[in-house]
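Observations on chain architecture
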Amino acid sequence: MIEVVRPGPLATVQDLGRPGLAHLGVPHSGAADERALRLANRLVGNPEDAACVEFTFGGGLLRFHKDAWVAVTGAPVPVRIDGRAHGTNAPCHVRRSGVVELGTPASGLRSYLAVRGGITVDRVLGSRSTDLLSGLGPAPLAPGDRLPTGPATGLGAITVDVAPAPSPAGTPVLRVLPGPRGDWFTEDAMAALTSAPYQVSPEGNRVGVRLEGPPLARARDGELGSEGMVTGSIQVPPSGLPIIFLADHPTTGGYPVIAVLASASVPDAAQLRPGQHVRFRR
């Protein structure tokens, strides 16, 4: 059992989400940065889809009521176990009654804490993930919450001391493919998207990253009927300012999609923090 002493600005339980249910109106949800969640689980010998804790801007404090192995990945954040500094991207042992504290990441936005055996809160529609848009899954973590963990029996051995951490780019470059509604924009709109940097707005969340910068001009007036949306879609509302859809995005949307992120760029988009600049490359 893990006790939440302090959740930080936002902490949620996440796994790999609820794929295959969009036709029922159920969002995919799951970890915003799947790459980081999968790595955290591998480091402690879990299956890659085990549930972890996703921290936004760090700041969490957890007390463990039994011995455990943990790993923290994603945004590089200071980690202290019983006051002693430990590195990220590495398995760490926590003694019974031990306390794990996360500081504020120097770069990036979301960090992931995996515990050997996984977080075993109840599944909802096949997933333990918190979906902030639909309200499915457990509520965001609050002081006093207790998280059950699964047994470590039958899991793979912990064989890695540390995993190499990628160096964060000051201005990330996200790769995009043309979207399904390019005909709703002027010929210069895609060039504008891929030439000038955009700044991340503070209004973003797990649903999407709102951007500030050159507006993308439309070639057509009127409204678009609601249609299916995928993670990584770059939707453009009437303001012309793009929004990148993340894990908790709705299953449908009524604004045209000018481009879609390549799948390898979605985790990078999930780590964008307010005020940071980002570029797109076709």
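Notes on the structure follow. Per-chain numbering applies: the sequence of each chain, read as written, is numbered from 1 onward. Residues qualify for local features only when their pLDDT is at least 70, as the model is predicted, and side-chain atom pairs are given and counted only at 80 or more; totals for whole chains, interfaces and linings, by contrast, use all residues. The side-chain values count all of the structure's non-hydrogen atoms but skip hydrogen atoms and water molecules.

**Notes on helix H1 (residues 34–43)**
Worth spelling out the cut-off: Burial classes: relative accessible area under 20% of the type maximum marks a residue as buried, over 50% as exposed, and values in between as partly exposed (1.4 Å probe, protein chains only). Numbering of helices and strands runs from the N terminus; a helix is a DSSP stretch of H or I covering at least four residues, while a strand is a stretch of E covering at least two. Note on contacts: a residue pair is in contact if any heavy atoms of the two residues lie within 4.5 Å. Pairing of N or O atoms within 3.5 Å defines a polar contact, subject to two protein rules: one partner must be a possible hydrogen donor and the other a possible acceptor, and residues neighboring in sequence count only if both atoms are side-chain atoms.
Looking only at H1, the buried set comprises Ala36, Leu37, Leu39, Ala40, Asn41 and Leu43. Along its buried surface, H1 packs onto strand S2 (10–14), strand S3 (52–56), strand S5 (68–74) and strand S10 (110–115). At the N-terminal end of H1, a side-chain oxygen is found 3.2 Å from the backbone nitrogen of Arg35, two or three residues along, and the residue is Asp33. Backbone geometry just downstream of H1 places Gly45 in the positive-phi region, at approximately 80 degrees.

**A look at the environment of Pro9**
Counting through the fold element by element, Pro9 comes out in the loop between strand S1 (2–6) and S2. Along the sequence, Pro9 and Gly170 sit 161 residues apart, while their C-alpha atoms lie 23 Å from each other. Contact partners of Pro9, with chain neighbours within four places excluded, come to Thr56, Phe57 and Gly58.

**Overview of the state of the cysteines**
Here is the rule: Disulfides are defined as pairs of cysteine sulfur atoms found within 2.5 Å of each other.
Inspection of the entire model under this criterion finds zero disulfides. With no disulfide of its own, Cys52 lies 14 Å from the sulfur of Cys92, the closest cysteine sulfur. The buried category is assigned to Cys92, whose relative accessible area is 8%.

**A look at unusual backbone geometry**
A positive phi angle, near 50 degrees, is found at Asp82, a position not held by glycine. Counting through the fold element by element, Asp82 comes out in the loop between strand S6 (79–81) and strand S7 (84–86). Since its relative accessible area comes to 51%, Asp82 is described here as exposed. Phi angles above zero are rare outside glycine, and Ser97 is one such case at about 75 degrees. Within the secondary structure layout, Ser97 lies in the loop between strand S8 (92–94) and strand S9 (99–102).

**What to know about the sheet that holds S10**
As a reminder, the rule being used: Strand pairing requires that DSSP identify at least two bridges connecting the strands. Orientation is described by lines fitted to C-alpha atoms, with helices fitted over the stretch in contact, and by angles between N-to-C directions that extend from 0 to 180 degrees.
Spatial strand order, S2-S3-S10-S5-S8: five strands in an open sheet with antiparallel pairing. Two strands in the sheet have a free side with no partner beyond their single neighbour: S2 and S8. Between one strand axis and the next, the sheet turns through 30 degrees on average, direction left out of account. Strand direction decides the pairing type here: S5 and S8, joined by three bridges, are antiparallel.

**Examining the pattern of salt bridges**
Quick reminder of the rule: In what follows, salt bridge is the name for a side-chain nitrogen of Lys or Arg lying within 4 Å of a carboxyl oxygen of Asp or Glu.
Applying the stated rule across the entire model yields 12 salt bridges. Of the charged contacts, one joins Arg38 and Glu48 as a salt bridge, the two residues approaching to 2.7 Å between their closest N and O atoms. Of the two residues, Arg38 is situated in helix H1 and Glu48 in the loop between H1 and S3; the sequence distance between them amounts to 10 residues. Note that Arg42 is salt-bridged to Glu48, the shortest N-O span being 2.9 Å. On the accessibility criterion, Glu48 (28% relative accessible area) is partly exposed. What you see here is one network of salt bridges that share partners, running through Glu34, Arg38, Arg42 and Glu48.

**A closer look at the pairing of S10**
By the criterion of burial, S10 is predominantly enclosed, with six of the six residues buried. Side chains of S10 alternate between two faces, with Arg110, Tyr112 and Ala114 and Ser111, Leu113 and Val115 buried alike. For S3 and S10, the ladder comprises four bridges, and the chain directions are antiparallel. By the bridge assignment for S10, Val53 is matched with Leu113. In this structure, S5 lies alongside S10, joined through five bridges in antiparallel fashion.

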